[in-house]
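# Architecture and fold: a report
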Amino acid sequence: MSSYKKDLSDSAHDFIHIVCPKLRELGFLSGKIIHVESVTAEEMARDLDMVAGIDAWLVQRKGITGLASRVQWGETAWNTFTIREYRITGADTELAKRLRALRSDGEYIYPYWTCQAYISQRPIRDKDGKIIDDSQRQLLSVALAKTDDICAMITHGQCERLPAPGGNTFAAVEWQKMKDFGYTINIWLAEKI
């Protein structure tokens, strides 16, 4: 399995098995949450992810909306939304795609909600690559906000710019700063032991 596919698989697994239950428990999300890859033909699922940024559908009686999810692993919960802002190759970034959709007057779809979670470690796999035993891993923090608000924070310069390997950059929007600026955001932080 390529590292890109492994990242997608690990992230999808953790979103479904660790993040979604916490979002439901907290009342941050309601209705049916359907991961795009589980109900969509492979090519269309890839386009929804790569072009529109939609990883899951939130289905309620009154309508359906898209959600982007990002999971990061490690001992530190940075408590930021991170979105690729610049690629040295000049290829479209996640930020460029979201801004194009937001400015399209409804022509292009985008994830209305963005969720970012921090988990203590990656899923553990057996020798055949199957994910096993999530019990030793912990959700450190999670936040849910409107994609439009995250993009507004970035375009108004209310974020940090982080260099990444290869000359690329990410914009990092602090959750608490979003809250301080009055944006709608749901935040959960694990209690420190």
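Chains are numbered independently. Their residues run from 1 in the order of the written sequence. The predicted origin of the model limits local features to residues at a pLDDT of at least 70 and limits the giving and counting of side-chain atom pairs to 80 or more, whereas totals for whole chains, interfaces and linings rest on all residues. Calculated side-chain values reflect all of the structure's heavy atoms, with hydrogen atoms and water omitted.

## Some thoughts on the overall build of the protein chain
Within the protein chain one finds six helices and 11 strands. Here the globule rule reads 2.2 Å times residues to the power 0.38, and the radius of gyration is calculated from C-alpha atoms. Since a compact globule built from 193 residues should have a radius of gyration of about 16 Å, the 16 Å found for the protein chain is in line with a globular shape. Exposure categories follow from relative accessible area, calculated using a 1.4 Å probe and restricted to protein chains: below 20% of the type maximum is buried, above 50% is exposed, and the middle band is partly exposed. By the burial criterion, 41% of the 193 residues in the protein chain qualify as buried. Any two residues whose heavy atoms approach within 4.5 Å are treated as being in contact. In the protein chain, of all internal contacts separated by at least 6 residues, the share reaching a separation of at least 24 is 66%. Entry remark: accessible area of the protein chain is about 11100 Å², with carbon and sulfur atoms responsible for 52%. Put simply, DSSP marks the helices as runs of H or I at least four residues long and the strands as runs of E at least two long, and each gets a number from the N terminus on. Reported accessibility uses the Shrake-Rupley method at a 1.4 Å probe radius. Residues are deemed covered only where the shown protein chains occlude them.

## A word on the pattern of salt bridges
Opposite charge on two side chains makes pairing possible when the charged atoms of those side chains draw close. The term salt bridge refers to a pairing of a side-chain nitrogen on Lys or Arg with a carboxyl oxygen on Asp or Glu at a separation within 4 Å. Across all of its chains, the model carries eight salt bridges by this definition. The partner of Arg 122 in a salt bridge is Asp 10, with the nearest N and O atoms 2.9 Å apart. Of this pair, Arg 122 sits in the loop between β5 (113-119) and β6 (124-125) while Asp 10 sits in helix α1 (residues 3-26); the two residues are 112 residues apart in sequence, bridging distant segments of the chain. We classify Arg 122 as partly exposed; its relative accessible area is 28%. According to the relative accessible area criterion, Asp 10 is buried, its value standing at 0%. Between Arg 161 and Glu 85 there is a salt bridge, with its nearest N and O atoms 2.8 Å apart. Pair noted here: Arg 161 is in strand β9 (residues 160-163) and Glu 85 is in strand β4 (residues 80-86), with a separation of 76 residues, a long-range link. Of the residues examined, Arg 161 reaches a relative accessible area of 42% and is grouped as partly exposed.

## Notes on the environment of Ile 154
Along the polypeptide, Ile 154 turns up in helix α5 (residues 147-155). Ile 154 gets classed as buried once you look at its relative accessible area, which sits at 2%. Residues Ile 154 and Trp 78, 76 residues apart in the sequence, show an inter-C-alpha distance of 17 Å. If near-sequence neighbours (up to four positions away) are discounted, Ile 154 is found in contact with Ile 83, Glu 85, Leu 95, Cys 159, Arg 161, Ala 171 and Val 173.

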